[in-house]
Amino acid sequence: MRAHWTETAQQHLEAIYNYIAQNSPVYAKRMIDRLTRRSMQIGTHPFSGRTVPEYESEHIREIIEGPYRIIYRIKPDQIDVLAVIHGAMDILGKKGESQV
């Protein structure tokens, strides 16, 4: 099964690249390559990621790459990468509403 990158997740990758590239375009490209390569693991072994602590669902999982959390949803026919966020980010926000 292949991982499908949602538009939101793609925007997150672009923002990560732009932020890192301010100091090092080379390192920014490496980080984006590392993050996107991890989607191959998700496609091959969807349950290899841990469940996301902020959600109570076996089908919403995450894998960690460097300081980033790659959050994805397992569906019967595909895997959707929902978000790529920095580990220090509060994904539920201040009011408990999902930012993903």
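A few points on the structure. This is a predicted model, so every value here is computed, not measured.

The helix and strand tally for the chain stands at 2 helices and 5 strands. The helix and strand sequence of the chain, counted from the amino end, reads β-α-α-β-β-β-β. Across the 100 residues in the chain, those meeting the buried criterion constitute 39%. Intrachain contacts of the chain at a sequence separation of at least 6 include 39% that bridge at least 24 residues. Accessible area for the chain stands at about 6300 Å²; split by element, carbon and sulfur atoms hold 51% of it.

This brings us to the pattern of salt bridges. A complete count under the given rule lists 8 salt bridges for this structure. Put simply, Glu-62 and Arg-69 hold a salt bridge, and the shortest N to O gap is 2.5 Å. In this pair, the class of Glu-62 matches that of Arg-69, namely buried. Between Lys-75 and Asp-80 there is a salt bridge, with its nearest N and O atoms 2.9 Å apart.

With 20 residues, the main nonpolar core has Ile-16, Leu-35, Ile-42, Tyr-68, Ile-70, Val-81 and Val-84 as its most contacted residues. Contributing elements (two or more residues each) for this core: strand S1 (3–5), helix H1 (7–21), helix H2 (25–44), strand S4 (68–74) and strand S5 (79–86). Every residue in contact with Ile-42, bar those within four places of it in the chain, is listed here: Ile-63, Ile-70, Tyr-72, Ile-79 and Val-81.

So, on to the sheet that holds strand S2 (residues 50–51). Pairing is mixed in the open sheet, where 5 strands are placed in the order S1-S5-S4-S3-S2. For this open sheet the edge positions go to S1 and S2, each flanked by a neighbour on one side alone. As paired strands, strand S3 (residues 60–65) and S4 are joined by 6 bridges and run antiparallel to one another. Across the sheet, residue Ile-60 finds its bridge partner in S4, namely Arg-73. Its contacts with the sheet put H1 on S1, S4 and S5, and the angle it makes with S5 is roughly 30°. Running at roughly 140° to S3, H2 makes contact with S1, S3, S4 and S5 of the sheet.

With respect to the secondary-structure elements, Arg-69 resides in strand S4. For Arg-69, a relative accessible area of 6% puts it in the buried group. Engagement of the side chain of Arg-69 in a polar contact is seen with the side chain of Glu-54, the distance being 2.8 Å. Among the polar contacts made by the side chain of Arg-69, one reaches the side chain of Glu-62 at a distance of 2.5 Å.

Cut-offs applied
Residues numbered from 1 in each chain as written. Predicted model: local features only at pLDDT ≥ 70, side-chain atom pairs only at ≥ 80, totals over all residues. Heavy atoms only, no water. Helix = DSSP H or I, 4+ residues; strand = E, 2+ residues; numbered from the N terminus. Buried < 20%, exposed > 50% of the residue type's maximum accessible area, 1.4 Å probe, protein only. Contact = heavy atoms within 4.5 Å. Areas by Shrake-Rupley, 256 points an atom, 1.4 Å probe, with all protein chains shown as cover. Salt bridge = Lys/Arg side-chain N within 4 Å of Asp/Glu carboxyl O. Core = buried A, V, L, I, M, F, W, Y, C linked by side-chain atoms within 4.5 Å. Pairing = 2+ DSSP bridges. Axes fitted to C-alpha atoms, helices over the stretch in contact; angles between N-to-C directions. Polar contact = N/O pair within 3.5 Å; in protein donor to acceptor, adjacent residues only side chain to side chain.

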